[in-house]
Amino acid sequence: MATGSGAAAAAADAEEKESGSRMITLTSNEGKAFVVTEASARQSATIRSMVDDGGCVDKGFPLPNVDSKTLARVIQYCDEHGNKEAHTVDERAALAKFDKDFIAELDADKAFLYDVTMAANYLHIQGLFALTTQCIADTIKGKTPEEIRTAFGIEYDLTAQDEEEIKEEDTHA
Amino acid sequence: MAPVCFSDLPPEALDDIARRAGPLDNVVCSAVCRPWRRALKTTRLRTLEQPSRPYSVRLDQWSNGIELCPLRLTRERIVRIPSDGGAAPVTRIIGSSHGWLVTVDEECGLSLLEAVTGRAFPLPPITSSGSKKVASDLDQMGESMFQKAELIHGGGNGLSFLRPGAKSWTALRFPKWMQRKYVDVVYHKGAFYTASREAAVTAWAPDASSSGLHATRVTEPRPEKCTWAALVESLGGGDLLMVSSVGAMDDEDHARHGYLRGSRRYEVSRYEEREEGRWLPVEDLGEVAILVGIGGRSLCVSTRGGRDALRNHLYFARPFVSFE
């Protein structure tokens, strides 16, 4: 249901007729507005608590830590999980398939995976956070530190003292 | 595209990732970069304190080395047994406990070997008294040595133990009421526990009045039900567990709680210290598997971190050998 501000009004109308739910505006750090259903926004515990506190629902929520590209992708997840039912076996299977495809795309673009992980952490979207951290954990499993650095493009910055400690830990572990 | 900055992941995210990757990978992750190292410090230290981290050991007699696969930091590691000072080459590894291997050399000399560092501590021979060097080595290791020295010999008919600083092994006297044959021995909370194949358990605790260990009966034998038993400490060492083989197939209870293997069933029970002599059935091991060493040492291992398929299973060291 997430779109740019242009189609937002039409989408909001349709949604309101459908579910009677309020629409909420999220603004990326580039100032781009995204209008989503309340059900979708409530996937984020951060936004949920602000909504429940009777906060600035009308004014919308600025998200200074999230860029447009990341926010669009995060909303894609929230829409799927917030707007769709997951009562029947088929519905749950469809969601699981969505998650699988969703994370496979992110896995192929580690920089984007990082951004989405950070956003999920910041917005407290539990399901999405679990999905991304599990994906990172799966990449780590069975690798040596050197292989992990390569996989994630991490620079080697350990000091001689760190190396000494690591050697010690390796023998104890 | 912005540069990838995985090293900036917040501690809570990193903790979650390390937890999902499994306990071993926590230590691996700590060796990746400084921010990860800092973020994982608390969890890492907790992980390192956990006892019973298993690693596989293989004796390579040709090169007189021991091959270990403890962690994935280094894919494998060969530990050379120090051969200076004219030590005889190790011919067998007869047991392991708390990270120590008990080795036997060509001349039947016993040693404790800290496999990951290669440090070796010779033990007094079983039959005669040892040298001053041994005494001083054991002295340095102090109280912990008592916990680590554990030896079965004589095919289950004799037990000997070594006090810190002692120059020779002390043979244990078996009380009249105890069946001499035992099939397993384990150290748990300050005492050695032996189990017979009929699941009779005896506790051996240090006795202030003599140099030996005092035997106390913990559980009566169950010859009608039990044909074999092994003892193992739970993960973290909090509980004493017994894996027992129950031959009877007609018992409804066992059909529900038993672990089937071939035509035998296996039960796991937990010693309830507050109700002396009681063993309570364990129906679900949770995120734990037990590696059952037949006639050797058993081990509880955590199956957390991607090894879910192994949870709540018993694994046997080798094909079951009938004791009948």
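Not measured: the values here are computed from a predicted model.

The secondary structure content of chain A amounts to nine helices and three strands. Put simply, chain A runs from its N terminus to its C terminus through helices and strands in the order α-β-β-α-α-β-α-α-α-α-α-α. Here the analysis covers contacts within chain A between residues at least 6 apart in sequence; of these, 59% occur between residues at least 24 apart. Summed over its atoms, the accessible surface of chain A is roughly 8700 Å², and 52% of this surface lies on carbon and sulfur atoms.

This paragraph deals with the environment of Thr133 of chain A. Tracing the backbone shows Thr133 of chain A in helix H7 (residues 126–140). A residue is classified by how much of its surface remains accessible, and Thr133 of chain A, at 0% relative accessible area, is buried. Within polar-contact distance, the side chain of Thr133 of chain A engages the backbone oxygen of Ala130 of chain A at 3.3 Å. Within the structure, the side chain of Thr133 of chain A is placed 2.6 Å from the side chain of Asp16 of chain B, a separation counted as a polar contact.

Right, let's get into unusual backbone geometry. In terms of backbone geometry, most residues other than glycine have negative phi values and most peptide bonds are trans. Residues other than glycine seldom take positive phi values, yet His124 of chain A does so here, at roughly 50 degrees. Relative to the helices and strands, His124 of chain A is located in the loop between helix H6 (110–123) and H7. We classify His124 of chain A as partly exposed; its relative accessible area is 49%. For Ala199 of chain B, which is not glycine, the phi dihedral falls at a positive 70 degrees.

What follows concerns the packing of helix H5 (residues 89–107) of chain A against H7 of chain A. All names here are of chain A. At a closest axis distance of 11 Å, the pairing of H5 and H7 adopts a crossing angle of 55 degrees. Regarding the angle of H5 to H7, the classification is oblique. Seen along the crossing, H5 lies across H7 with a hand that is right-handed. For the pair formed by H5 and H7, the contact residues are Asp99, Phe102, Ile103, Leu106 and Asp107 on the first element and Leu128, Leu131, Thr132, Cys135 and Thr139 on the second.

This paragraph deals with the confidence of the model for chain B. All names here are of chain B. Summarising the model, chain B shows a mean pLDDT of 65, and 48% of its residues fall at 70 or more. At the level of individual helices and strands, chain B shows its lowest average pLDDT in helix H5 (residues 132–148), which scores 33, and its highest in helix H3 (residues 34–39), which scores 84. Note on residues 48–52: pLDDT under 50 across the span, and six contacts to partners over four residues away in sequence or across chains. Taken over the whole predicted complex, pTM reads 0.47, whereas the ipTM for its chain interfaces reads 0.76.

Definitions and cut-offs
Residues numbered from 1 in each chain as written. Chains lettered and ligands numbered in written order. Predicted model: local features only at pLDDT ≥ 70, side-chain atom pairs only at ≥ 80, totals over all residues. Heavy atoms only, no water. Helix = DSSP H or I, 4+ residues; strand = E, 2+ residues; numbered from the N terminus. Contact = heavy atoms within 4.5 Å. Areas by Shrake-Rupley, 256 points an atom, 1.4 Å probe, with all protein chains shown as cover. Buried < 20%, exposed > 50% of the residue type's maximum accessible area, 1.4 Å probe, protein only. Polar contact = N/O pair within 3.5 Å; in protein donor to acceptor, adjacent residues only side chain to side chain. Axes fitted to C-alpha atoms, helices over the stretch in contact; angles between N-to-C directions. Parallel < 35°, antiparallel > 145°, perpendicular 65-115°, else oblique. Left-handed = near helix turned anticlockwise from the far one by under 90°. pLDDT = per-residue confidence, 0-100.

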